[in-house]
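Per-entry structural report
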Amino acid sequence: MDFELFRQTCQQFLRTSSQFLGLAAAGRQAALPMPTLPASPPQGRQPA
């Protein structure tokens with residue numbers, strides 16, 4: 001298989017997969033809010 005063709009295929013696959021992942025993440029956030037960051041603990045528990 002030609003390396004240039006393989007490289008172009010990989011780039012196209014990465015581009016489409018990143019778009020798909022972005023759409024899936026946006027749809028999932030719109031459907032049910034999933035926190036990407038852990039919930040912040042109460043301010044009293046945090047050491048000064």
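Everything in this summary refers to the structure shown in the same document.

Reading guide: rules and limits
Residues numbered from 1 in each chain as written. Predicted model: local features only at pLDDT ≥ 70, side-chain atom pairs only at ≥ 80, totals over all residues. Heavy atoms only, no water. Helix = DSSP H or I, 4+ residues; strand = E, 2+ residues; numbered from the N terminus. Buried < 20%, exposed > 50% of the residue type's maximum accessible area, 1.4 Å probe, protein only. Salt bridge = Lys/Arg side-chain N within 4 Å of Asp/Glu carboxyl O.

A few points about the overall build of the protein
A tally of regular secondary structure across the protein gives one helix and zero strands. For the protein, the proportion of its 48 residues judged to be buried stands at 0%.

Brief notes about the pattern of salt bridges
Under the definition given, this model contains one salt bridge. The closest approach of N and O atoms between Glu4 and Arg7, which form a salt bridge, is 2.5 Å. Note that Glu4 and Arg7 are positioned in helix α1 (residues 3-31) at a spacing of three residues, about one turn of the helix. Looking at Glu4, the relative accessible area reads 33%, which means it is partly exposed.

In short, the description is geometric, and any link to function would need to be established separately.
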